[in-house]
Amino acid sequence: MYKVLIVDDEKAIRELIAKYCQLEGYTYGEAGDGLEAIEKAKQGGYDIIIMDVMMPELDGFSAVREIRKFSNIPVIMLSARTETYDKIHGFEIGADDYISKPFSPKELMLRINAVMSRSASRPVSEVFESGKLKVDFTARIVYVDGKPVDLSPKEYELLFFMVKNKGIALSREKLLNEVWGYDFYGDDRTLDTHIKLLRKSLGVCAEYIVTLRGMGYRFDA
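Just so it is clear, the model here is predicted, and its values are computed rather than measured. (Residues numbered from 1 in each chain as written. Predicted model: local features only at pLDDT ≥ 70, side-chain atom pairs only at ≥ 80, totals over all residues. Heavy atoms only, no water.)

A. Here's a closer look at the sheet that holds strand 12 (residues 216-219). Taken together, 3 strands build an open sheet; the order of strands is 10-12-11 and the sheet is antiparallel. Edge strands, defined here as strands with exactly one partner in the open sheet, are strand 10 (170-171) and strand 11 (209-212). Here 4 bridges tie strand 11 to strand 12, and the two strands are oriented antiparallel to one another. By the bridge assignment, V210 is partnered in strand 12 with R218. (Pairing = 2+ DSSP bridges. Helix = DSSP H or I, 4+ residues; strand = E, 2+ residues; numbered from the N terminus.)

Spelled out as structure tokens, the structure:
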């Protein structure tokens, strides 16, 4: 089963998450701030990190930024900050998911399962090329005009799914269910935010992602 690193400066929240991890059969470790989280991540042995944003010593955003320098371990951000800017920032630095406080522990467990399921699914060996875009699924590297593009984990998963379904009209619901793996309770803004970030990352290849008004998106290349 998974080993979860729970990072939060509030002991009560760490204990709550730990309780539900035990119910799911997960093992876990704890850290009370960003600096401790980085050190434990360096030690290895964890499958996923639940990272609070607002903490002493070093905040969650800064901690994830440092962790991404040496590890691609999945990270779910946990924060009372619900502004769109904060969510976008979390995804830009490499978070796989973002949950606002107060949160449902049961939903958190579902999101852990969803993130880990996606992380476990990797293509055996395949490369997609069209025009100035090249996607190396095996190496998880995207090239635009011959240069590697730095995508967040969620941007990559979204691009991967759209490329795999090239030329097919994909509804917002379909993309949310397949890429995120859980219900968004009708909030499409998260998807639209990621599409915007992905287009920005793709630069001259952004036009490959076509908006289908009132429906969703289609990848044409």
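B. Broad picture of the sheet that holds strand 4 (residues 75-79). Within the open sheet, the 5 strands sit side by side as 2-1-3-4-5. Their pairing is parallel. Bordering the open sheet on either side are strand 2 (27-31) and strand 5 (97-100), each of which pairs with just one other strand. Within this sheet the neighbouring strands show an average axis-to-axis angle of 20°, counted without direction. Judged from the 5 bridges that link them, strand 1 (residues 3-7) and strand 2 form a sheet pairing that is parallel. Counterpart to V7 in the pairing with strand 2 is A31. (Axes fitted to C-alpha atoms, helices over the stretch in contact; angles between N-to-C directions.)

C. Local environment of the pattern of salt bridges. Tallied over the full model, the rule gives 13 salt bridges. Between E30 and R14 there is a salt bridge, and its shortest N-O distance comes to 2.8 Å. A residue pair is termed long-range when its members are at least 10 positions apart, and E30 in strand 2 and R14 in helix 1 (residues 11-24) qualify at 16 residues. The exposure class assigned to E30 is partly exposed, which follows from its relative accessible area of 24%. (Salt bridge = Lys/Arg side-chain N within 4 Å of Asp/Glu carboxyl O. Buried < 20%, exposed > 50% of the residue type's maximum accessible area, 1.4 Å probe, protein only.)

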